[in-house]
Amino acid sequence: MMLTNSTALQTLLTLAIGVAGAALFWAIGFPAYPLTGPATAVSLATIMGAPTLIPPLLRDTVFVVIGLSIGSTVTPEVLETALAWPVSFAILIATLAAIVFAARRVLQHGFRYDRSTATLAAMPGHLSFVLAISTDLKVDVPRIALVQTVRVLLLTLLVPVLIVLWGVEGTSRLADAGQIGTISLSILFLLALGLGLVFKRLRVPAALLIAAMAVSALGHGSNLTPGTLPQPLLMGAFICMGSLIGTRFRGFDRRALPGALLAGSITTLIACAVAAGGALLAARIVDIPAAALLLAFAPGGVEIMAALAIETGLEPAFVAAHHVFRLFALVLLIPLFLRR
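Residues numbered from 1 in each chain as written. Predicted model: local features only at pLDDT ≥ 70, side-chain atom pairs only at ≥ 80, totals over all residues. Heavy atoms only, no water.

Engineer: Would you mind going over the overall build of the protein chain in detail, with residue names and values included?
Structural biologist: Of the regular secondary structure elements, the protein chain holds 15 helices and zero strands. A total of 340 residues make up the protein chain; the buried ones form 52% of that total. Within the protein chain, counting contacts between residues at least 6 apart in sequence, those at least 24 apart form 78% of the total. Taken as a whole, the protein chain presents about 15,400 Å² of accessible surface, with 68% of it coming from carbon and sulfur. (Helix = DSSP H or I, 4+ residues; strand = E, 2+ residues; numbered from the N terminus. Buried < 20%, exposed > 50% of the residue type's maximum accessible area, 1.4 Å probe, protein only. Contact = heavy atoms within 4.5 Å. Areas by Shrake-Rupley, 256 points an atom, 1.4 Å probe, with all protein chains shown as cover.)

Have a look at this one:
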């Protein structure tokens, strides 16, 4: 489908704001500036009434690029650590349950949300699934969407800062691998797109991202497609991803924003505290940096946290695996939490 003039102009405006935000955050030295800068700038612009937009075709392309980049980090060393992942997966499930119980209680008693609305607003991730369920129930869908959007935005801003304060540097950069060839990259992209469409028909969460990760991991793990993605391509994908976060405020009632911002901020801080506790516990058992475990346990979107893992060099494959696992776990946990 071709873009209309209006759609193209809105997209260009959004990307221009995102680039300006990235440049500003780079100038002030803010962590993960290609993501955090655009997320902040586009969010503010959207709240102020700017017609921001990231069209589905561009969004899906970004997901594929980030998935290919994650898959390129899969090495034999990373695969060896998979033997320890079931332990951290178990701790992750425990932190998910703790986050929901704590955040739901705050929303019910502190903000007077009804039980079902509080439960869905407290969910640490899987926004599309949460909203799909919300539309089928007698709950406050706009309020849930606002709180969940605030969670994603704040996590995009807070997690990089926490990692910097933690003082851990990433070790998963493939500096010696060189840049992947154009033909290899094109083949991977087409294969990822095809598999992603199959996953979409099967209703697999984050279908394009997971498909691109799988295709790239097989290609790099077998050494058939060695090399990292071009840096300008990754930079553009990060800026688009940050801009996409900001566009989620489009169409929201401004009068509902203050309450949702407060509720979203408090529940996000609760989620971060619980996730950090789980990360510290897992770090005592699993031979993975605590900062990487924080990224893996952070209750943010899989695409966002995976992109942050790439940007910081903190075990991207490990982080992505945990967030994909979290998506499937939430598919099972959300109906259980909604049952009275």
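Engineer: Describe in detail the pattern of salt bridges, supporting the description with residues and values.
Structural biologist: One pass over the structure, following the stated rule, counts two salt bridges. The residue R59 makes a salt bridge to D60 at a minimum N-O spacing of 3.1 Å. Among the residues examined, R59 registers a relative accessible area of 29% and is labelled partly exposed. Exposure remark for D60: the relative accessible area of 17% places this residue in the buried category. Here D60 and K200 are joined by a salt bridge, their closest N and O atoms 3.5 Å apart. Of the two residues, D60 sits in helix α3 (residues 56–71) while K200 sits in helix α9 (residues 182–201), which places them 140 residues apart along the sequence. Residue K200 is classed as partly exposed on the basis of its relative accessible area, which comes to 41%. A single salt-bridge network, built from bridges that share partners, covers R59, D60 and K200. (Salt bridge = Lys/Arg side-chain N within 4 Å of Asp/Glu carboxyl O.)

Engineer: Got a sec to walk through the side chain of T268? Specific residues and values, please.
Structural biologist: Secondary-structure assignment places T268 in helix α12 (residues 257–283). Exposure remark for T268: the relative accessible area of 1% places this residue in the buried category. Apart from the residues lying within four places of it in its own chain, the contact partners of T268 are R151, L154 and L155.

Engineer: Quick one: what's the story with the packing of helix α5 (residues 85–111) against helix α6 (residues 115–122), residue by residue and with numbers?
Structural biologist: α6 packs onto α5 with a crossing angle of 135° between their chain directions and a minimal axis gap of 8 Å. Put simply, α5 runs oblique to α6. In this structure, α5 meets α6 at a crossing whose hand is right-handed. Residues I99, V100, A103, R104, L107 and Q108 of α5 lie in contact with α6, whose contacting residues are R115, A118, T119, A121 and A122. For the contact of α5 with α6, the residue count by class is seven nonpolar, two polar and two charged. (Axes fitted to C-alpha atoms, helices over the stretch in contact; angles between N-to-C directions. Parallel < 35°, antiparallel > 145°, perpendicular 65-115°, else oblique. Left-handed = near helix turned anticlockwise from the far one by under 90°. Nonpolar A, V, L, I, M, F, W, Y, C, P; charged D, E, K, R; others polar.)

Engineer: Before we move on, could you go through α5 and cite the residues and values that matter?
Structural biologist: Under the 1.5 Å per step criterion, the end-to-end length of α5 is 37 Å for 27 residues, consistent within 8% with the ideal 39 Å. Within the sequence span of α5, burial applies to W85, S88, F89, I91, L92, T95, L96, I99, V100, A103, R104 and L107. Directly after α5, the chain includes R112, whose backbone phi takes a positive value near 60°. (Expected span 1.5 Å × (residues − 1).)

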